[in-house]
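Chain residues, written in single-letter form:
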Amino acid sequence: FTNVFEVHEPKAGGQWCFVMRGPDGSEYKNHSVYQEVVPPERIVFKHVNGPVYLATISFEDLGGKTRVYWRMEFENKTFLANNQAIVLSGNRDNLEKLTVLL
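A short tour of the structure in this document, coming up. Predicted model only: the values in this text are computed from it and were never measured.

## So, the pairing of strand β1 (residues 2–8)
Right, on to step 1. The pairing of β1 with strand β2 (residues 15–21) spans 6 bridges and is antiparallel. When the sheet's bridge partners are listed, H8 is paired in β2 with W16.
Right, on to step 2. A loop of 6 residues connects β1 with β2, the two strands running antiparallel in sequence, and G13 in this loop sits at a positive phi of about 90 degrees.

Below, the structure written as structure tokens:
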């Protein structure tokens, strides 16, 4: 997947709009609104187009390392039940790529 960012305003009330493009050319539009951005403690945003969820990402300083806590609360519990493996795999992949980058 590749992501094309259209709007990214990492502040309370700010928008985050991007398009994910899959290997087959499929496009998935994403629109989120930041609820909180509190450096260096946490980021909270609501993904407002399907699937709707609230994401809270918290950071804990471990003396030269950082522990990341990633919580997603889905409005549609059936969606989560049917897609939990994909959500977990995607988040794990993203965090592993971030680890390599950092």
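## A closer look at the nonpolar core
Right, on to step 1. If you look at the biggest cluster of nonpolar residues, it comprises 9 residues: W16, F18, Y34, F45, Y53, A55, I57, F74 and V87.
Right, on to step 2. The set of elements that each furnish at least two residues to this core consists of β2 and β5 (53–61).
Right, on to step 3. Among the elements that make up this core, the one with the highest residue count is β5 (3 residues).
Right, on to step 4. Once you skip the residues sitting within four places of it in the chain, F18 turns out to touch N3, V4, F5, E6, Y28, K29 and N30.

So, how was this worked out
- Residues numbered from 1 in each chain as written.
- Predicted model: local features only at pLDDT ≥ 70, side-chain atom pairs only at ≥ 80, totals over all residues.
- Heavy atoms only, no water.
- Pairing = 2+ DSSP bridges.
- Helix = DSSP H or I, 4+ residues; strand = E, 2+ residues; numbered from the N terminus.
- Core = buried A, V, L, I, M, F, W, Y, C linked by side-chain atoms within 4.5 Å.
- Buried < 20%, exposed > 50% of the residue type's maximum accessible area, 1.4 Å probe, protein only.
- Contact = heavy atoms within 4.5 Å.

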